[in-house]
Amino acid sequence: MLPAYLAITFVAAAANGSAAIANLIGHDYPKSQADRLRLSHSWIRPLGTLLALGALGLMAGIVVPVLGTVAAVGLVLYFLGALFAHLRVRDRQLAAWAVYFFLSVAALAVNVAHHGAW
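Keep in mind it's a predicted model, so treat the numbers as computed, not measured.

Draft legend 1. Seen up close, the UniProt feature "transmembrane region" (unreviewed entry) in the chain. The feature "transmembrane region" (unreviewed entry), as given by UniProt, occupies residues 6-26, 47-64, 70-87 and 94-113 in the numbering adopted here. The span residues 6-26 carries 95% helix and 0% strand; its end-to-end C-alpha distance comes to 30 Å. Counted over residues 70-87, helix gives 100% and strand 0%. Its end C-alpha atoms are 26 Å apart.

Below is the structure:
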């Protein structure tokens, strides 16, 4: 179980970390997503900060398990909010969302399986 836990945690943290960096440096992709979802660009950095905290929390969870569980729950909730934002504007381009959402769900599942709920 440890190899699966570590692999999924590292992949989920890397994916969310790279998305966080894109948001925080002002890359065009988060801006185009915000435009498509009719979100103000002022939300891009705070959302990037949440992604960064989630990625860091997943990594910290290797040492302090409760942090990993809380971070994974936070990421799942973040991406449920993102789904709502997509559906609100009737945007059905959900492939990227699905990758990030299911990585977050997988991180939560292996976290709970490896460490227990708390």
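Here the narrative resumes, following the displayed structure.
Draft legend 2. Quick look at the packing of helix 1 (residues 2-25) against helix 5 (residues 95-115). At a minimum axis separation of 9 Å, helix 1 and helix 5 run at an interaxial angle of 145 degrees. Handedness of the helix 1/helix 5 crossing: left-handed. Within the contact between the two elements, helix 1 uses Leu2, Tyr5, Ile8, Thr9, Val11, Ala12, Ala15, Asn16, Ser18 and Ala19 and helix 5 uses Tyr100, Leu103, Ser104, Ala106, Ala107, Val110, Asn111, His114 and His115. By residue class, the composition of the contact of helix 1 with helix 5 is 12 nonpolar, 7 polar and no charged.

Draft legend 3. Molecular detail of helix 4 (residues 65-88). Taking 1.5 Å of rise per residue, 24 residues should cover 34 Å, and helix 4 covers 35 Å from first to last C-alpha, within 8% of that figure. Every buried residue of helix 4 is listed here: Gly68, Thr69, Ala71, Ala72, Leu75, Val76, Tyr78, Phe79, Ala82, Ala85 and His86. Where helix 4 is buried, its residues meet helix 1, helix 2 (28-36), helix 3 (44-60) and helix 5. Positive phi shows up at Arg90, right after helix 4, with a value of about 60 degrees.

Here is what the cut-offs are and how they apply
The residue numbering used here restarts from 1 in each chain and proceeds along that chain's sequence as written. The predicted origin of the model limits local features to residues at a pLDDT of at least 70 and limits the giving and counting of side-chain atom pairs to 80 or more, whereas totals for whole chains, interfaces and linings rest on all residues. With hydrogens and water set aside, each side-chain value is computed from the structure's full complement of heavy atoms. UniProt positions are given in the numbering used here, feature names are shortened, and annotations may be inferred rather than shown by experiment. Segments assigned H or I by DSSP are reported as helices when at least four residues long, segments assigned E as strands when at least two residues long, and all are numbered from the N terminus. Here an axis means a line fitted to C-alpha atoms, over the contact stretch when the element is a helix, while the angle between two N-to-C directions is reported on a 0 to 180 degree scale. Handedness of a crossing follows from how the near helix is turned relative to the far one, being left-handed for an anticlockwise turn of less than a right angle and right-handed for a clockwise one. Should any heavy atoms of two residues lie within 4.5 Å, those residues are considered in contact. Asp, Glu, Lys and Arg are counted as charged, while Ala, Val, Leu, Ile, Met, Phe, Trp, Tyr, Cys and Pro are counted as nonpolar; the rest, among them Gly, fall into the polar class. In this analysis, the expected span of each helix is defined as 1.5 Å times one less than the number of residues it contains. Throughout, exposure labels follow a simple rule: accessible area from a 1.4 Å probe, protein chains only, divided by the maximum for the residue type, with under 20% read as buried, over 50% as exposed, and the rest as partly exposed.

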